[in-house]
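Listed below, chain by chain, are the residues.
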Amino acid sequence: MKPIDYMREALSLARLALGYTAPNPAVGCVIVKDGEIVGRGYHRKAGTPHAEVWALREAGDKAEGATVYVTLEPCAHYGRTPPCARTLVERKVGKVVMAMLDPNPLVAGKGAAILRQAGIPVEVGLLSKEAARLNEVFIKNMMVEKPFITAKLAQSLDGRIASRTGKSQWITNDWARSKGHYLRSIYDGILVGINTIITDNPLLTCRIEREAYDAPHQPVRIVLDTYGRIPETALVLTDKTSPTIIVTTTLCDTDKMRRLKDMGARVILAPLGSDGHIDLPQMLELLWQENIRSILVEGGSTVQGSFFDHKLVDKIYAFLGNKVIGGTGALPSVGGVGVDELGECMPLAYDSVELHDGNILITAYNTQREGAYVHWHH
């Protein structure tokens, strides 16, 4: 196996923990001695040992003189655990290969420096693009202290999410739905507008198995409800699988707010924007204070439109069903105001296209998104 293969293995280990480690990054580590993997580890969740610690435990005495492949620079600070960079020095490893430096500008390079000062050779940048993608949420959180926003669209080929008579089941197939459930399991919050709750009454829970864990990580359910129209029978209120946050405004009746709180929901009061909708940038600041570090925006048309109108979307997962719905009265996946001139469109970079069982998944990024990792080396 080549160095790149060991780093790929470390990245797949890290990927197992996606969604479980927030607000920490997902990190994987592989220790190699004489061409053989002697230790593997990944960070399972915040407050538990880091990836390097698990891998060193497995490697035992073989760690001495070994090469350590890790997907993120080992930490240099005392948190709930001692700094991994110092632990690696104590265990006399031979060399450390890290995919990328810590994106926190206050930390970047300090772990590498501890190792180099101890005479341990350090290499940075192997599969850095893949490592940055794996931790794109953590990177944005560190760089700009805002949640990472992903829009999930599930639409017909012509961009509709319902026919003119309001029929929407099912535009995409089982594969797309199970992939959608996987996405729910890796984000802190899942966000919908009140129309989705009234029309579909969704549960908004994750219903897939994740390997290496007993149960999938459940996202916090977030409902945007300017007027407080949510029915008290809504599943997001009666089902207690995961917490629910209702974001409303002073236009909501105070009695209704109290009843929602009594049902166990967290009610957040957000300011109104000039368009009569909830002020999204201010709302995201409030959700950040609730420790929501990443949000999967699932719908519907009005909410997606708001996020795109404000250019708040970092990433898009667009699932295309093999149907053309048609009709000028059919609901588009992205409503809102939209642009006047095409030059005003959010600039997109297509990242990948997957075809499965007759459905297509397009993954794209907003190329002007805030807090994207710039490849830097010391």
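Values in this document were obtained by computation on a predicted structure and should not be read as measured data. (Residues numbered from 1 in each chain as written. Predicted model: local features only at pLDDT ≥ 70, side-chain atom pairs only at ≥ 80, totals over all residues. Heavy atoms only, no water.)

(A) Structural view of the pattern of salt bridges. Summed over the entire model, instances satisfying the criterion amount to 14 salt bridges. One salt bridge connects Asp174 with Arg177, and the closest N-O pair in it is separated by 2.6 Å. Of the two residues, Asp174 and Arg177 are both situated in helix α7 (residues 174–184); the distance of three residues between them amounts to about one turn of the helix. On the basis of relative accessibility, which here comes to 25%, the residue Arg177 falls in the partly exposed class. Where salt bridges share partners, they join Lys152, Arg184 and Glu298 into one cluster. (Salt bridge = Lys/Arg side-chain N within 4 Å of Asp/Glu carboxyl O. Helix = DSSP H or I, 4+ residues; strand = E, 2+ residues; numbered from the N terminus. Buried < 20%, exposed > 50% of the residue type's maximum accessible area, 1.4 Å probe, protein only.)

(B) Representation of helix α6 (residues 136–144). The complete set of buried residues in α6 reads Glu136, Phe138, Ile139, Lys140 and Asn141. Considering only its buried residues, α6 is in contact with α5 (128–134), β6 (148–155), α11 (280–289), β13 (315–320) and β16 (359–366). (Contact = heavy atoms within 4.5 Å.)

(C) Structural context of the nonpolar core. Counting residues in each nonpolar core, the largest one holds 63 residues, and the members touching the most others are Val30, Ile31, Val96, Met98 and Leu115. Here this core gets seven residues from one element, more than from any other, and that element is helix α1 (residues 3–16). Sequence-distant contacts of Ile31, that is, excluding residues within four places in its chain, are made with Glu36, Ile37, Val38, Gly39, Ala55, Leu56, Ala59, Ala66, Thr67 and Val68. Listed in part, the 30 residues of the second largest apolar core include Ile149, Ile245, Met283 and Val297. (Core = buried A, V, L, I, M, F, W, Y, C linked by side-chain atoms within 4.5 Å.)

(D) Looking closely at the environment of Ala151. Looking at where Ala151 falls in the secondary structure, it is placed in strand β6. Under the relative-accessibility criterion, Ala151 is labelled buried at 0%. Between the alpha carbons of Ala151 and Ile316 there is a distance of 4.8 Å; along the sequence they are 165 residues apart. Once you skip the residues sitting within four places of it in the chain, Ala151 turns out to touch Val297, Gln304, Phe308, Val313, Lys315, Ile316 and Tyr317.

(E) Molecular detail of unusual backbone geometry. Omega for the bond connecting Gln169 with Trp170 falls within 30 degrees of zero, at -5°, which places this linkage in the cis form. Positionally, Trp170 belongs in the loop between β7 (160–162) and α7. The omega angle of the peptide bond from Gly299 to Gly300 is -5°, so this bond is cis rather than trans. Residue position: Gly300 is located in the loop between β12 (294–299) and α12 (301–309).

(F) Spatial organisation of a nonpolar patch on the surface. Taken together, the side chains of Tyr227, Leu251 and Leu272 present a nonpolar region at the surface, about 280 Å² in accessible area. Within the secondary structure, Tyr227 sits in the loop between β9 (220–224) and α9 (235–238). (Patch = residues over 30% accessible without salt bridge, like charges linked within 9 Å, V, L, I, M, F, W, Y side chains within 5 Å. Areas by Shrake-Rupley, 256 points an atom, 1.4 Å probe, with all protein chains shown as cover.)

(G) Broad picture of the sheet that holds strand β5 (residues 122–124). Across the sheet, which stays open at both edges, the five strands sit in the order β2-β1-β3-β4-β5 with mixed pairing between neighbours. On the outer flanks of this sheet lie β2 (36–42) and β5, each paired with one strand and no other. The sheet shows a mean angle of 15° between the axes of neighbouring strands, taken without regard to direction. Note: strand β1 (residues 28–33) against β2, six bridges, orientation antiparallel. Paired with Cys29 across the strands is Gly41, a residue of β2. Strands in contact with α1 are β1, β2, β3 (67–70) and β4 (95–98); relative to β1, the strand with the most contacts, it is inclined by about 145°. Lying over the sheet, helix α2 (residues 51–59) contacts β1, β2 and β3, oriented at roughly 145° with respect to β2. (Pairing = 2+ DSSP bridges. Axes fitted to C-alpha atoms, helices over the stretch in contact; angles between N-to-C directions.)

(H) Just the UniProt feature "domain: CMP/dCMP-type deaminase" (unreviewed entry) in the chain, in detail. Here, the residues flagged by UniProt with the feature "domain: CMP/dCMP-type deaminase" (unreviewed entry) are residues 1–123. Taken end to end, residues 1–123 comprises 31% helix and 19% strand; its first and last C-alpha atoms sit 18 Å apart. (UniProt positions renumbered as here; feature names shortened; annotations may be inferred.)

(I) Structural context of α2. For α2, the set of buried residues is Ala51, Glu52, Ala55, Leu56 and Ala59. Taken down its axis, α2 places every buried residue within 125° of arc, on the same side. At the C-terminal side of α2, Gly60 shows a positive phi close to 60°. (Arc of directions from axis to C-beta.)

(J) Here's a closer look at the layout of surface pockets. Roughly 1200 Å³ of internal volume is contained in the largest pocket. As for the largest pocket, its lining consists of 47 residues, of which Thr196, Asp200, Glu298, Gly299 and Gly300 are closest to the centre. Of all the secondary-structure elements, those providing two or more residues to the lining of the largest pocket are β6, β7, α7, β8 (189–193), α8 (194–200), β12 and α12. When the residues that make up the lining of the largest pocket are grouped by side-chain class, the tally is 19 nonpolar, 20 polar and eight charged. Its volume calculated, the second largest pocket comes out at about 720 Å³. As for the second largest pocket, its lining consists of 33 residues, and the residues nearest its centre are Leu18, Tyr182, Ile186, Lys315 and Tyr317. At the level of elements, α5, α6, α7, β13, β15 (348–356) and β16 are the ones that each hand at least two residues to the lining of the second largest pocket. Its residues assigned to classes, the lining of the second largest pocket comprises 14 nonpolar, nine polar and ten charged. (1 Å grid on protein atoms, 1.4 Å probe; cavity = no way out; pocket = protein on both sides within 12 Å on 5 of 7 lines; lining within 4 Å. Points joined across faces, edges and corners; volume = space filled by probe spheres on them. Nonpolar A, V, L, I, M, F, W, Y, C, P; charged D, E, K, R; others polar.)

(K) Expanded view of the state of the cysteines. All told, the structure shown has zero disulfides when counted by the stated rule. With no disulfide of its own, Cys84 lies 3.9 Å from the sulfur of Cys75, the closest cysteine sulfur. What makes Cys84 buried here is its relative accessible area of 1%. (Disulfide = S-S within 2.5 Å.)

(L) View of the pairing of β2. The buried count for β2 comes to five of seven residues, which makes it a mostly enclosed element. Hairpin connection between β1 and β2: a loop of two residues separates the two successive antiparallel strands, and Asp34 in this loop has a positive phi of roughly 50°.

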